[in-house]
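Chain and residue survey
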Amino acid sequence: MVDSLLPAQEQLAILTDGVDTVMPQEALLEKLRLGRPLRVKLGVDPTAPDVTLGWAVVFRLLRRFQDLGHTAVLILGDFTALVGDPSGKSETRKRLSEQEVSAYAASCLDMIKDVLSEERLEVRPNSEWLGTMDMHQLLELTSTTTVARLLERDDFAKRFAAQQPISLIEFMYPILQAMDSVAVKADIELGGADQLWNLLMGRQVQSRFDQEPQVAVTVPLLVGTDGTRKMSQSYDNYISIREAPEEMFGKVMSVPDEAMEQWFLLAAGYSESDAASVASEVSNGTRHPGDTKRLLAREIVTIYHGAEAATEAERAFDRLFKDHALPKDIREIVVPASMEGEVFVPALLAEAGLVSSNGEGRRMIKQGAVKLDGVRIEVERLPKADVVGKVLQVGKRRFVRIA
RNA sequence: GCCGGGAUGCCCGAGCGGCCAAUGGGAGCAGACUGUAAAUCUGCCGGCUAUCGCCUACGGAGGUUCGAAUCCUUCUCCCGGCACCA
């Protein structure tokens, strides 16, 4: 527990390093000067079961607030998830079922605790207040804004202009989540850069409810492993914070060079100046990009699994991609009884889960992607005796040992 | 309620009676190159099958036809316009 808070200026420096926007700028310092623990809201909509490195960026910022003695107020958007946040969407969002939401919420909450401290943490499901609102209260809430204002928002504006549908329920989303700020009396709200508009709506609604409006603080959106689109489970370009060390290391290594600076800053937690200096050393040739990416991978794995696991992950990586040796732990499968005598390799690959169908297995063989103990195979059928005890491999990183 | 337009493979998007498992692009996968980067080149990209081929698939259900993603009927959903109500 922190008894006395750091001077406001110092806190400000710590809290705003690497953030995207603070709005309004001066208000954050003023709030910090109050000298009391601030209530820092972060709303999470459990719309997917996994917490990604991208999502972790904002959690890690929240953690910074906690470490400085402030209170993290985590809003579990169990109610709003049913509505569906239209942010950044160019089309109507599908809604989730209650069962999905509660399952996702449980797993996310569990994972979030890897990043947040359990001290100075409040978790509040927004169904608590949104789910019990009556029509009067709802109407009162809707009177805090106007259609014109809602239409100012980029994605709505575009859809409106393009004559795409905007459902009323989506229109409600911004004010519903703004209501969360009122309910928890937020001093500050954090979010991704795409959430800024929503966070500002929170200010507006708070002041209508005679509360001091919150300060909006947003973090940049981390690009995914493809280096272009934002990291998202729906694009399958993400790394889960629970990803196994070797997987995590490998995936980081596949991130394009251009994204490295951003990843140092957002995923590895480097300060703006450190991230920038690493990047400039790469671009002026003082640092080798490949080695730098190793450093990045090590840093990230260290955050979630510890230094030892990171070293181990790097070793495993080298074994595979530098020494072209086999990984240490390989899953074993037994040859199905139906393949006594002669083994139909594509089916065996499918059985082992290395490919999704016999046809794909067959294609992989044809393309020279299948190796048995490191030796490329060209035929689909082999005597069972030839495969038993050996390692079957598809591509660079899918292996099974045949028992 | 009426009139018109639309629904195609992971996504976008052609096709508009047989030559369509369905052009093209994107994503993805594999190979070469390499730093599991980028760029580039090559191949693959519904399932089963050694091959011939078979099956499933063009929103759902029926129908016409030797033959349908393509025509007809109907249903569902979307998009526009008009009307109705206020």
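Observations regarding the nonpolar core
In terms of nonpolar packing, the biggest core is built from 69 residues, with L74, L190, W263 and I300 touching the most fellow members. Split by domain, the residues of this core number at least three in each of domain 1 (8-219) and domain 2 (245-321). Those residues in contact with I300 that sit more than four places away from it in its chain are L53, M248, V252, W263, A267 and A268. By size, the runner-up hydrophobic cluster in this structure holds 24 residues, among which are M339, V355, M364 and A369.

So, the pattern of salt bridges
A full pass over the atoms with the stated rule returns 22 salt bridges. A salt bridge links D110 to R242, with the nearest nitrogen and oxygen atoms 3.3 Å apart. Note that D110 is positioned in helix α5 (residues 98-112) and R242 in the loop between β6 (215-219) and α12 (245-253), a separation of 132 residues in sequence. Assessed through its relative accessible area of 37%, R242 is described here as partly exposed. A salt bridge links R242 to D114, with the shortest nitrogen-to-oxygen separation between them at 2.6 Å. You can see R242 sitting in the loop between β6 and α12 and its partner D114 sitting in the loop between α5 and β4 (121-125), a full 128 residues away along the chain. The class for D114 is partly exposed, based on a relative accessible area of 42%. Put simply, R39, E122, R124 and E128 are held in one network by salt bridges that share partners.

Re the packing of α12 against helix α15 (residues 289-305)
For the pair α12 and α15, the least separation of the axes is 9 Å and the interaxial angle reads 145°. Handedness of the crossing formed by α12 with α15: right-handed. Contact residues: α12 offers P245, M248, F249, V252 and M253, while α15 offers G290, K293, R294, L296, A297, R298, I300, V301, Y304 and H305. For the contact of α12 with α15, the per-class residue count stands at 10 nonpolar, 2 polar and 3 charged.

Structural notes on the protein's contact with RNA strand B
Residues in contact with RNA strand B amount to 27 residues; listed here are only the nearest, G250, P256, D257, F317 and R363. Within the side chain of Q367, an N or O atom sits 2.6 Å from a base nitrogen of RNA strand B. The dominant element in the surface near RNA strand B, judged by the number of residues it contributes, is helix α18 (residues 358-366), at 5 residues. Across the surface near RNA strand B, the residue classes tally to 9 nonpolar, 9 polar and 9 charged.

Focus on the domain arrangement of chain A
Here chain A is partitioned into domain 1 (8-219), domain 2 (245-321) and domain 3 (332-402). Inter-centroid distance (C-alpha atoms) of domain 2 to domain 3 is 34 Å.

As for the sheet that holds strand β7 (residues 332-333)
Strand order in this open sheet of 5 strands is β7-β13-β12-β9-β10, and the pairing throughout is mixed. The outermost strands of the open sheet, each flanked by one partner alone, are β7 and β10 (375-376). The pairing of strand β9 (residues 370-372) with β10 spans 2 bridges and is classified as antiparallel. For K371, the partnering residue across the bridge sits in β10 and is R376.

Remarks on the packing of helix α7 (residues 135-142) against helix α10 (residues 168-184)
The geometry of α7 relative to α10 is characterised by a closest axis approach of 10 Å and an angle of 105° between their N-to-C directions. By the angle between their axes, α7 is roughly perpendicular relative to α10. Of α10, the residues touching α7 (which contributes L138, L141 and T142) are M172, I175, L176 and M179. Residue composition of the contact of α7 with α10, grouped by class: 6 nonpolar, 1 polar and no charged.

A word on the packing of aromatic side chains
According to the stated counting rule, one finds 4 aromatic pairs in the structure shown. Where F249 meets F317, the ring centres are 5.3 Å apart and the plane angle is 55°; that geometry is what we call tilted. In this pair, F249 is assigned in helix α12 and F317 in helix α16 (residues 307-321), connecting sequence segments 68 residues apart. F317 carries the same exposure label as F249, and that label is buried. Their ring planes at 45° and their centres at 5.0 Å tell us that F317 and F321 sit as a pair that is tilted. Pair noted here: F317 and F321 are both in helix α16, with a separation of 4 residues, about one helical turn. Linked through ring pairs, F249, F317 and F321 together constitute an aromatic cluster.

Calculation notes
Residues numbered from 1 in each chain as written. Chains lettered and ligands numbered in written order. Predicted model: local features only at pLDDT ≥ 70, side-chain atom pairs only at ≥ 80, totals over all residues. Heavy atoms only, no water. Core = buried A, V, L, I, M, F, W, Y, C linked by side-chain atoms within 4.5 Å. Buried < 20%, exposed > 50% of the residue type's maximum accessible area, 1.4 Å probe, protein only. Domains from an automatic or database assignment. Contact = heavy atoms within 4.5 Å. Salt bridge = Lys/Arg side-chain N within 4 Å of Asp/Glu carboxyl O. Helix = DSSP H or I, 4+ residues; strand = E, 2+ residues; numbered from the N terminus. Axes fitted to C-alpha atoms, helices over the stretch in contact; angles between N-to-C directions. Left-handed = near helix turned anticlockwise from the far one by under 90°. Nonpolar A, V, L, I, M, F, W, Y, C, P; charged D, E, K, R; others polar. Near = heavy atom within 4 Å. Polar contact = N/O pair within 3.5 Å; in protein donor to acceptor, adjacent residues only side chain to side chain. Pairing = 2+ DSSP bridges. Parallel < 35°, antiparallel > 145°, perpendicular 65-115°, else oblique. Phe/Tyr/Trp six-rings, centres within 6.5 Å; stacked < 30°, edge-to-face > 60°.

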